[in-house]
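# Structural characterization, general
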Amino acid sequence: MRDSRETFVNHAFLTGYPVKHSRSPLIHGYWLKQFGIEGSYRALEITPEAFPDFMRQLKDETAGFCGGNVTIPHKEAAFRLADRPDDLSAELGAANTLWLEDGEVCATNTDGRGFVANLDERAKGWDRISTAVVLGAGGASRAVIQAIRDRGVKAIHVVNRTPERARELADRFGGAVHAHPMAALAETMSGAGLFVNTTSLGMDGEQAPAIDFSPMAGDAVVTDIVYVPLKTPLLRQAEEQGFRIVDGLGMLLHQAVPGFEKWFGRRPVVDETLRQIIISDMDKHA
Ligand code: ATR
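Residues numbered from 1 in each chain as written. Predicted model: local features only at pLDDT ≥ 70, side-chain atom pairs only at ≥ 80, totals over all residues. Heavy atoms only, no water.

Of all hydrophobic cores here, the largest spans 29 residues; its most connected members are Phe 115, Trp 126, Ile 145, Ile 148, Ile 156 and Leu 194. The element that contributes the greatest number of residues to this core is helix 6 (residues 139-150), accounting for five residues. Other than its neighbours up to four places away in sequence, Ile 145 contacts Val 134, Ile 156, Val 158, Leu 169, Phe 173 and Val 177. Ranked by size, the runner-up nonpolar core spans 26 residues in total, among them Val 19, Trp 31, Trp 263 and Ile 278. (Core = buried A, V, L, I, M, F, W, Y, C linked by side-chain atoms within 4.5 Å. Buried < 20%, exposed > 50% of the residue type's maximum accessible area, 1.4 Å probe, protein only. Helix = DSSP H or I, 4+ residues; strand = E, 2+ residues; numbered from the N terminus. Contact = heavy atoms within 4.5 Å.)

Cis geometry is found at the peptide bond from Tyr 17 to Pro 18, where omega equals 5 degrees. Within the secondary structure layout, Pro 18 lies in the loop between strand 1 (11-16) and helix 1 (24-35). Here the residue pair Ile 72 and Pro 73 is connected by a cis peptide bond, since its omega of 5 degrees sits within 30 degrees of zero. Note that Pro 73 resides in the loop between strand 3 (65-70) and helix 3 (75-81). If you check the backbone angles, Asp 102 has positive phi at about 50 degrees while not being a glycine.

Read across the open sheet, the six strands follow the order 2-1-3-5-6-4; overall the sheet is mixed. Where the open sheet ends on each side, the last strands, each with one partner, are strand 2 (40-45) and strand 4 (84-85). Where strand 1 and strand 3 come together, five bridges link them in parallel fashion. Residue pairing in the sheet places Ala 12 in a bridge with Gly 67 of strand 3. Sitting on the sheet, helix 1 is in contact with strand 1, strand 2 and strand 3, with an inclination near 165 degrees to strand 2. (Pairing = 2+ DSSP bridges. Axes fitted to C-alpha atoms, helices over the stretch in contact; angles between N-to-C directions.)

Okay, helix 9 (residues 233-240) next. Along an α-helix, a turn takes 3.6 residues, which lines up residues three or four apart on a common side. Burial in helix 9 covers these residues: Leu 234, Leu 235, Gln 237 and Ala 238. Seen end-on, helix 9 carries its buried residues on one side only, within an arc spanning 160 degrees. Against the buried residues of helix 9 lie strand 10 (194-197), strand 11 (221-224) and strand 12 (244-246). Just downstream of helix 9 lies Gly 242, where phi reads positive at about 90 degrees. (Arc of directions from axis to C-beta.)

With that settled, consider the domain arrangement of the protein chain. What the domain assignment lists for the protein chain is domain 1 (11-109 + 253-284) and domain 2 (112-247). Here the C-alpha centroids of domain 1 and domain 2 sit 26 Å apart. Listed by partner, the interface residues are 15 residues for domain 1 and 17 residues for domain 2. Summed over both sides, the interface between domain 1 and domain 2 buries roughly 1,400 Å², with carbon and sulfur atoms accounting for 47% of that surface. Together, Glu 91, Leu 92 and His 254 form the three largest contributors to the area buried by domain 1 at its contact with domain 2, with a combined 44%. (Domains from an automatic or database assignment. Buried area = accessible area lost by both parts, 1.4 Å probe.)

Now the structure itself:
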C-alpha cells in the first residue's frame, strides 16, 4: 500500500512494556513472507510515560506506520487515546489493534474474536450450548465474556478469587453474566457446555488446583487461554476426565488475523505450519 505521496506505509508495530517475549513478530513475519508483501512488523518497547507521544506520532506520515498491536500495559491507554475506537473496544475499555484511516487512529480489540475463532476451528459445534463457566475476571476474561455473549451463550458464570471483580464484569456485560466466588465453582459447572480458564493458574509450571469437571455436560469443551505449556494442568485434568480440550495457542494466532488484514490488505489463514513455528519457538525458550 502507498499513500498519495508514494511513501511506503507498510510498517506495522507491536508495542508493550516489556515486549521481548512476544511471538507476534513471528506470526506476522510468516504471513508477510507467505504473501510476498514488502512490509514489516516490529516490536517497539515503549514506556507508559512515552506512550501518549507515541500515539500522537503515529499520525505523522513520515513515521510510515499503517498500524499495529498494543499489549500490556498500554491496552487501556490505546483505547482512550485513539480517535476512533469501535464498539467492541469501547465496551471493554481496552484496545489491542490500531490502524490509520483518513489520518486518524482507529482502534479495536481482537482478543475475543481470536478466542471464538480458535474454538470454531478446534471444537466445531461448541456454540450449541446455553451455559459457560469463565474462571477469572481480569482483562482477558472480559474479552472472552464479550465474545461468547455476542455468540449467543445465554448464561455465563464468572467465578473469581476476588468476587468484587467478577461482580464488576456482571454489571458491565449485563443480564447473561453472573458473578460467583470460588467456593461456588462446582455448582456453576453443573450442566455447562464450556469451561474457560482465563487466570494464570497452571502457567509456566505453576501449581493449579484439582478440578472435578464431571458436573459439566458430557460433550463439554474445556479451554485455557494460557498456552505455555500447551497442555496446561487444567487441560490435562479435563482430558483425563474424558472432556474435549482446546489449547490457548490458537487464540493468539487468530487474534492476529484482523490486524494483518487491516494493515496489509490480505486476509491471512492460521495454518498448521504457523502453529508449528510458534510451538518450536516455545520449545526453544522452555
Ligand atoms: P489478565 O489481564 O491477563 O486477565 P489480570 O487482570 O491480572 O490478568 O487477571 C488475572 C486473573 O487471574 C484474575 O481473575 C485473578 O484473580 P483476582 O481477581 O482474585 O486477582 C486470577 N488469578 C491470578 N492468580 C490466581 C490464583 N493464584 N488463584 C486464583 N485466581 C488467580
